[in-house]
Amino acid sequence: MSRLARATIHLDALRHNMAMARAAASDGQTMAVLKANAYGHGLLPVAHALSDLTDAFAVSCLEEALPLREAGLEQRIVLLEGFFDADEIGVFAARRLDAVIHQPWQIEALAAAAPSQPIDCWLKVDTGMGRLGFSPDEADAAVEGLRALPAVGELRWMTHLARADEPDESATATQVETLEQALATDAVSDDQTSIANSAGTLHWPMARAGWIRPGIMLYGASPFADAAIHDRLQPAMTLEARLVSVKTLPAGHGVGYGARFVCPEAMPVGVVSMGYGDGYPRHAPDGTPVVVNGRRTALIGKVSMDMLAVDLRPVPDARVGDPVVLWGADPLATEVAGYCGTISYELFCRLTPRVQRVYRQGDG
């Protein structure tokens, strides 16, 4: 029995979730977000699975963009932070990559550049995120500067929603209105803009014009604290391990480093082949749900580098080698993240290379 730490990626679930995004976009276009190794799911397998369903891919840097081109993918590729150095401009031109422009120095760099062909650009406007982008008052001058440059091809607009994952929060409507007011002076059409992230795509129709940018929803996790808001998403990852030890400990016996959990009675305890060396959260508390042999139980004791312990009282017939699901259809990654005080995005992205990725089509 070899050590099992495996993330099974369900390609049909990815495609189902992409289809949901396309349906929400209606007549708009889609930009599948693949940054951070496709949120830990695997850059190239995910890109190939979605290639016939999306109009563009979004990544964060050249190290993520170039493998897509080298793999023969022809869709538009948008780098959400643009170029980090003027020396990258030539690569953008040669590989037909779109640059998000969010700082004055990037406009200056384009003015000084002579790329082999013009680069399509997206002007980033900060409508309330407080992160990247020109303020609405600066947008007109930035657009005027970009449109005057031979190095710039098509120019589109973009913003990012800060609170779209809060269904009752009015800030999203304010952000959309702020961008619309900035756009009015440029007379740009809706199909030349991008506003909606996953939460915007799922819940805010006013943000869906133009290009939507589905990210976490593609991987089957809800961007909302209440995952039931959009329960038709299908989890694309099942994180699996197995029991490597089963023993009965007496009442009063500690489990794991520091004996954070103390057995309240004589009880069966299982040790699972998964730990923080695989990316499972070290700070996961007692009670974090896991599924052993199809039955829900809970983590007990501190997570170790290579192992974690589980309460086997709900699974009294458990044996060494039995399967353990850390997240997937049950428990959902969103639920596990809630116990750990984080979000599903981080759980996915934290998985280390020693977790084997297996890609499955259909029910196989």
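Starting afresh in each chain, residues are numbered from 1 along the sequence in its written order. Residues qualify for local features only when their pLDDT is at least 70, as the model is predicted, and side-chain atom pairs are given and counted only at 80 or more; totals for whole chains, interfaces and linings, by contrast, use all residues. Excluded from the side-chain calculations are hydrogens and water; all other atoms, namely the structure's heavy atoms, are used.

S.K.: Give me the overall build of the chain: which residues, what numbers.
M.R.: To qualify as a helix, a DSSP run of H or I must reach at least 4 residues; to qualify as a strand, a run of E must reach at least 2; elements of each kind are numbered from the N terminus. Counting its secondary structure elements, the chain contains eleven helices and 18 strands. With the principal axes as the frame, the chain shows a C-alpha extent of 75 × 45 × 40 Å. Residues are treated as being in contact if the distance between any of their heavy atoms lies within 4.5 Å. Across the chain, every contact between residues at least 6 apart in sequence was considered, and the portion connecting residues at least 24 apart equals 64%. With an accessible surface of roughly 15,100 Å², the chain has 51% of that area assigned to carbon and sulfur atoms. Of the side chains in the chain, 30 bear a positive and 44 a negative charge, and the two mean positions are spaced by 10 Å. To measure how exposed things are, a 1.4 Å probe is used in the Shrake-Rupley method; for residues, cover is taken only from the protein chains shown. In this charge count, Lys and Arg are treated as positive and Asp and Glu as negative; neither His nor the chain ends contribute. In plain terms, the charge of a residue is placed at NZ if it is Lys, CZ if Arg, CG if Asp and CD if Glu.

S.K.: Residue-level account of the side chain of Asp311, with values.
M.R.: Of note, Asp311 is situated in strand S16 (residues 308-311). Polar contacts here mean pairs of N or O atoms no more than 3.5 Å apart (in protein, one a potential hydrogen donor and the other a potential acceptor; neighbouring residues in sequence count only if both atoms are side-chain atoms). Engagement of the side chain of Asp311 in a polar contact is seen with the side chain of Arg313, the distance being 2.8 Å. If we ignore the near neighbours within four places in the chain, the residues touching Asp311 are Met267, Pro268, Thr297, Ala298 and Ile300.

S.K.: If you had to explain the packing of aromatic side chains to someone new, which residues and values would you point to?
M.R.: The rule is short: rings of Phe, Tyr and Trp, with Trp giving its six-membered ring, pair when the centres are within 6.5 Å, and they are stacked under 30 degrees, edge-to-face over 60, tilted in between. All chains considered together, the criterion is met by seven aromatic pairs. Ring geometry for Tyr39 versus Tyr345: centroids 6.2 Å apart, planes at 35 degrees, classification tilted. Here Tyr39 is found in helix H2 (residues 35-39), whereas its partner Tyr345 is found in helix H11 (residues 344-350), with 306 residues between them in sequence. For the pair Phe83 and Trp105, a centre-to-centre distance of 5.6 Å together with 80 degrees between the ring planes defines the contact as edge-to-face. On the criterion of sequence distance, the pair formed by Phe83 in the loop between strand S4 (76-79) and helix H5 (89-94) and Trp105 in helix H6 (residues 104-112) is long-range, its members being 22 residues apart. Buried, partly exposed and exposed residues are distinguished by accessible area as a fraction of the type maximum, computed with a 1.4 Å probe on protein chains only: under 20%, between the cut-offs, and over 50%, respectively. A residue is classified by how much of its surface remains accessible, and Phe83, at 1% relative accessible area, is buried. An aromatic cluster of three or more residues is present, and its members are Tyr39, Tyr219 and Tyr345.

S.K.: Got a sec to walk through the packing of helix H1 (residues 11-25) against helix H3 (residues 43-50)? Specific residues and values, please.
M.R.: Orientation is described by lines fitted to C-alpha atoms, with helices fitted over the stretch in contact, and by angles between N-to-C directions that extend from 0 to 180 degrees. The geometry of H1 relative to H3 is characterised by a closest axis approach of 9 Å and an angle of 55 degrees between their N-to-C directions. For the element pair H1 / H3, the angle class is oblique. Between H1 and H3 the crossing geometry is right-handed. Every residue of H3 that contacts H1 at Leu11, Leu14, Arg15 and Met18 is listed here: Pro45, Val46, Ala49 and Leu50. By the convention adopted, Pro, Cys, Tyr, Trp, Phe, Met, Ile, Leu, Val and Ala count as nonpolar, Lys, Arg, Asp and Glu as charged, and the other residues, Gly among them, as polar. Residue composition of the contact of H1 with H3, grouped by class: seven nonpolar, no polar and one charged. If an angle is under 35 degrees, it is roughly parallel; if it is over 145, roughly antiparallel; if it lies from 65 to 115, roughly perpendicular; otherwise it is oblique. Note on convention: near helix rotated counterclockwise from far helix by under a right angle means a left-handed crossing. Clockwise means right-handed.

S.K.: Give me the lowdown on the packing of H3 against helix H4 (residues 62-70), citing residues and values where you can.
M.R.: Contact geometry of H3 with H4 gives a least axis separation of 10 Å together with a crossing angle of 55 degrees. When the axis of H3 is compared with that of H4, the two are oblique. Crossing of H3 against H4: the hand is right-handed. Contacts from Leu43, Leu44 and Ala47 in H3 reach Glu64, Pro67 and Leu68 in H4. For the contact of H3 with H4, the class distribution of residues is five nonpolar, no polar and one charged.

S.K.: Requested: an account of H6, with residues and values cited.
M.R.: All of the buried residues in H6 are Gln106, Ile107, Ala109 and Leu110. When H6 is viewed along its axis, its buried side chains cluster within an angular range of 160 degrees and face the same direction. Away from its buried face by more than 90 degrees, H6 exposes Glu108 and Ala112. Of the surrounding elements, those touching the buried residues of H6 are H5, strand S5 (97-101), strand S6 (119-124), helix H7 (136-147) and strand S7 (152-158). The arc refers to the directions leading from the helix axis to the C-beta atoms.

S.K.: Summarise the environment of Thr30; cite the residues concerned and give the values.
M.R.: Residue placement: Thr30 occurs in strand S2 (residues 29-33). Ignoring sequence-local partners within four residues, the contact set of Thr30 consists of Met18, Arg22, Ala25, Leu53, Thr54, Asp55, Ala56, Trp211 and Ile212. Of note is the side chain of Thr30, whose polar atom sits 3.2 Å from the side chain of Thr54.

S.K.: Account for the nonpolar core, with residues named and values stated.
M.R.: By nonpolar core is meant a set of buried Ala, Val, Leu, Ile, Met, Phe, Trp, Tyr and Cys residues that side-chain atoms within 4.5 Å join together. Within the largest apolar cluster, 112 residues are counted, with the highest numbers of intra-cluster contacts made by Leu34, Leu110, Leu123, Trp157, Tyr280, Leu326 and Trp327. In this view, Tyr280 contacts Met274, Gly275, Thr288, Leu299, Val303, Leu308, Leu326, Trp327, Val336 and Arg350; residues no more than four positions away in its chain are not counted. In this structure, Val255, Cys263, Met267 and Val269 belong to the second largest nonpolar core, which totals eight residues.

S.K.: Tell me about the pattern of salt bridges, and name the residues and values.
M.R.: The term salt bridge refers to a side-chain nitrogen of Lys or Arg lying within 4 Å of a carboxyl oxygen of Asp or Glu. Under the criterion given, the structure shown has 22 salt bridges. We note a salt bridge from Arg156 to Glu154, for which the minimum N-O separation is 2.6 Å. Here Arg313 makes a salt bridge to Asp311, at a shortest N to O gap of 2.8 Å. On the basis of relative accessible area, Arg313 is assigned to the partly exposed category, the value being 33%. By relative accessible area, Asp311 is classed as buried at 9%. Connected through salt bridges with shared partners, the residues Arg76, Asp98, Asp120, Glu154 and Arg156 form a single ionic network.

S.K.: Any details on a negative patch on the surface? Residues and values, ideally.
M.R.: Residues enter patches when they are more than 30% accessible in relative terms and free of salt bridges; like-charged ones are connected within 9 Å and nonpolar ones (Val, Leu, Ile, Met, Phe, Trp, Tyr) within 5 Å. On the surface, Asp137, Glu138, Asp140 and Glu144 cluster together to form a negatively charged patch. For Glu144, the position within the fold is in helix H7.

S.K.: Which residues make up H4, and what values do they have?
M.R.: Buried within H4 are the following residues: Leu62, Glu64, Ala65, Leu68 and Arg69. Within H4, the buried residues cover an arc of 160 degrees as seen down the axis, which keeps them to one side. Exposed side of H4, more than 90 degrees from the buried face: Glu63 and Glu70 are the residues found there. Contact partners of the buried residues in H4: H2, H3, strand S3 (56-59), S4, H5 and S5. Phi turns positive, to about 90 degrees, at Gly72, one or two residues after H4.

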